[in-house]
Amino acid sequence: MSSEPTSTSVYIHFPWCARKCPYCDFATEPIRAEALPHEEYADAVLRELDARAADLQGRALKSIFFGGGTPSLWGPSALGRALRGITGAFDRVRDDLEVTVECNPSSLTRENVALLREAGVGRLSIGVQSLRDPHLRFLGRLHDSVRAAAALEEATQEMPRVSADLMFGMPGQTLEELGEDIARIAEAGVRHVSAYALTIEEKTMFGSLHRAGKLRVAPEERYADLFEHAERRFTDLGWTHYEVSNYAAEGEESRHNLHYWRGGAYVGLGAAAVGCLDHGPGRAERWRNDPNPQRYLTQRTLEAEVEELGPDEIIREALMLGLRTVDGMNLVATEMRAGQDPKAGREREIERAIDNGNLEQVGDWLRVPHDRWLKLDGIVRDLF
Ligand code: SF4
């Protein structure tokens, strides 16, 4: 009797952008459009997929996510070739396979959206960030508010599912501005939003400016006001705040991200991609590919780092990711993956957090109540 295949997702990292944004610390390099190695990169990704073929045995493909960088710079035919290779490499593909491509408004055209749709893409995630020109200029984005609105319209007309990224915490940003952006995005037919606070990362241009005292940022308490205001606006729309930074209309949750937050197995392909596959209870392997795109294209060694995860790491990861979601962390599923009771050794900390109202157990789920999400990082840290 054959066992049920393990649901597995695939993440493909596209490591280039038209320009590096001053706040971004993702593994991405600026590149001129003419220099993009469209087909070569597809070849390299397919070569890596081939090298990982043995790891895909007995797995069912659940979702594919093209992230970056800016995957909308990748020619749709090359991206489509990588996509076909990935679906063909699995013995089984789930009927509800979700295929998402991250896009920037500046590199999204209606024609490209149609070609991506033909290639089998069903969901776009668009890096809108704001619909206000002063904020877009502050963020150093290549698009303005007119292009952002046009991109949303082009995407929603051609693609069944569209998500938008929003950023909050730019200096001077008002609650009303954020609320109006949310309303306009929903009016455009978008049914999923990822809303992130602007954070100043050390190794970025904003990081240097901040250290030199040359960057004005919003005060800490402003972030909390904006976070809560966004939540009220989405709740008014009838959407669910299903993860700390993510909101969805009914049934529009990102299946790829939910799989990841629930500790599901995923394969990472491409320069700087991270993957993590389970190898039985209490054993998993996580790898990170070489972040240098040139080396990734030309050399056959893929991984820059490989890490063996044991029961403790698997449980800590499950707490860190699962407690970010509205359902929380499933105790039974985590025990099956870790081969160990996730509560063992942290009974006192869990009890204290429950007494303080920072945690609650509902059936098999351990979760952080909604009104404590702003304190989430500290609550999770106490359980480590
Ligand atoms: S477009 Fe996105 S990935 Fe590229 S530099 Fe800007 S924020 Fe980073």
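None of these values were measured; they are calculated from a predicted model.

### Focus: the pattern of salt bridges
For the coordinates displayed, the defined rule picks out 20 salt bridges. In this structure, the salt-bridge partner of Arg286 is Glu317, at a minimum N-O distance of 2.7 Å. Of this pair, Arg286 sits in strand β13 (residues 284-289) while Glu317 is found in helix α12 (residues 311-322), placing the two residues 31 residues apart along the sequence. The structure contains a network of salt bridges with shared partners spanning Glu39, Asp43 and Arg81.

### Some remarks on helix α7 (residues 175-187)
The end-to-end C-alpha separation of α7 is 18 Å, in line with the 18 Å expected for 13 residues at 1.5 Å each. Those residues of α7 that fall on the buried side of the exposure criterion are Glu177, Leu178, Gly179, Asp181, Ile182, Ile185 and Ala186. Those residues of α7 that are buried are in contact with α5 (133-138), α6 (145-158), β7 (161-168), β8 (192-197) and α9 (220-236). Once α7 finishes, Gly189 follows within two positions and takes phi at roughly 100°, a positive value.

### Quick notes on the sheet that holds strand β16 (residues 360-362)
Two pairing modes exist for strands in a sheet, parallel and antiparallel, and in both the strands are linked by backbone hydrogen bonds. If you walk across this open sheet you meet the three strands as β15-β17-β16, and the pairing is antiparallel. The sheet is open, and its two borders are formed by β15 (329-330) and β16, each paired with just one other strand.

### Quick word on empty space enclosed by the protein
Under the criterion given, the structure shown has one cavity of 30 Å³ or more. Taken as a whole, the largest cavity holds about 50 Å³ of empty space. Forming the walls of the largest cavity are Pro71, Ser72, Trp74, Pro76, Cys103, Ser107, Leu108, Thr109, Asn112, Val113 and Leu116. When the residues that make up the lining of the largest cavity are grouped by side-chain class, the tally is seven nonpolar, four polar and no charged.

### Examining the layout of surface pockets
In this structure, the second largest pocket spans a volume of roughly 690 Å³. Surrounding the second largest pocket, 31 residues form its lining, Arg262, Gly263, Gly264, Ala265 and Arg337 being those nearest its centre. Of all the secondary structure elements, the ones that give two or more residues to the lining of the second largest pocket are β1 (6-14), α10 (255-261), β11 (265-269), β12 (274-278), α12, β15 and α13 (331-338). With five residues, the single largest contributor to the lining of the second largest pocket is α12.

### Quick word on the packing of α12 against α13
Closest axis-to-axis distance for the α12/α13 pair is 9 Å, and the angle between their directions is 150°. Considering their axes alone, α12 and α13 lie roughly antiparallel with respect to each other. Here α12 runs over α13; the crossing is right-handed. On α13, the residues that touch Pro311, Ile314, Ile315 and Ala318 of α12 are Thr334, Arg337 and Ala338. Grouping the amino acids of the contact of α12 with α13 by side-chain chemistry returns five nonpolar, one polar and one charged.

### A closer look at the pairing of strand β6 (residues 123-129)
Along β6, seven of the seven residues are buried, which leaves the element largely enclosed by surrounding structure. In β6, alternate side chains face the same way, and those of Arg123, Ser125, Gly127 and Gln129 on one face and Leu124, Ile126 and Val128 on the other are all buried. Relative to β6, strand β5 (residues 92-103) runs parallel, the two being bridged by four bridges. The residue of β6 that forms the bridge with Cys103 is Ile126. Strand direction decides the pairing type here: β6 and β7, joined by five bridges, are parallel. Counterpart to Ile126 in the pairing with β7 is Ala164.

### Digging into the domain arrangement of the protein chain
Here the protein chain is described as being made up of domain 1 (6-259) and domain 2 (311-384). On a C-alpha basis, the centres of domain 1 and domain 2 stand 28 Å from each other. With nine residues of domain 1 at the contact, the number on the domain 2 side is seven residues. For the pair domain 1 and domain 2, the number of links is one salt bridge. Arg324 is the salt-bridge partner of Glu243, the closest N and O atoms lying 2.6 Å from each other. Put simply, domain 1 and domain 2 have five residue pairs in polar contact (both at pLDDT 80 or more) between them. Elements with a minimum of two residues in the side of domain 1 that touches domain 2: α9 and β9 (240-243). Among the elements that make up the side of domain 1 that touches domain 2, the one with the highest residue count is α9 (four residues). Broken down by class, the residue content of the side of domain 1 that touches domain 2 amounts to four nonpolar, two polar and three charged.

Conventions adopted
Residues numbered from 1 in each chain as written. Predicted model: local features only at pLDDT ≥ 70, side-chain atom pairs only at ≥ 80, totals over all residues. Heavy atoms only, no water. Salt bridge = Lys/Arg side-chain N within 4 Å of Asp/Glu carboxyl O. Helix = DSSP H or I, 4+ residues; strand = E, 2+ residues; numbered from the N terminus. Expected span 1.5 Å × (residues − 1). Buried < 20%, exposed > 50% of the residue type's maximum accessible area, 1.4 Å probe, protein only. Contact = heavy atoms within 4.5 Å. Pairing = 2+ DSSP bridges. 1 Å grid on protein atoms, 1.4 Å probe; cavity = no way out; pocket = protein on both sides within 12 Å on 5 of 7 lines; lining within 4 Å. Points joined across faces, edges and corners; volume = space filled by probe spheres on them. Nonpolar A, V, L, I, M, F, W, Y, C, P; charged D, E, K, R; others polar. Axes fitted to C-alpha atoms, helices over the stretch in contact; angles between N-to-C directions. Parallel < 35°, antiparallel > 145°, perpendicular 65-115°, else oblique. Left-handed = near helix turned anticlockwise from the far one by under 90°. Domains from an automatic or database assignment. Polar contact = N/O pair within 3.5 Å; in protein donor to acceptor, adjacent residues only side chain to side chain.

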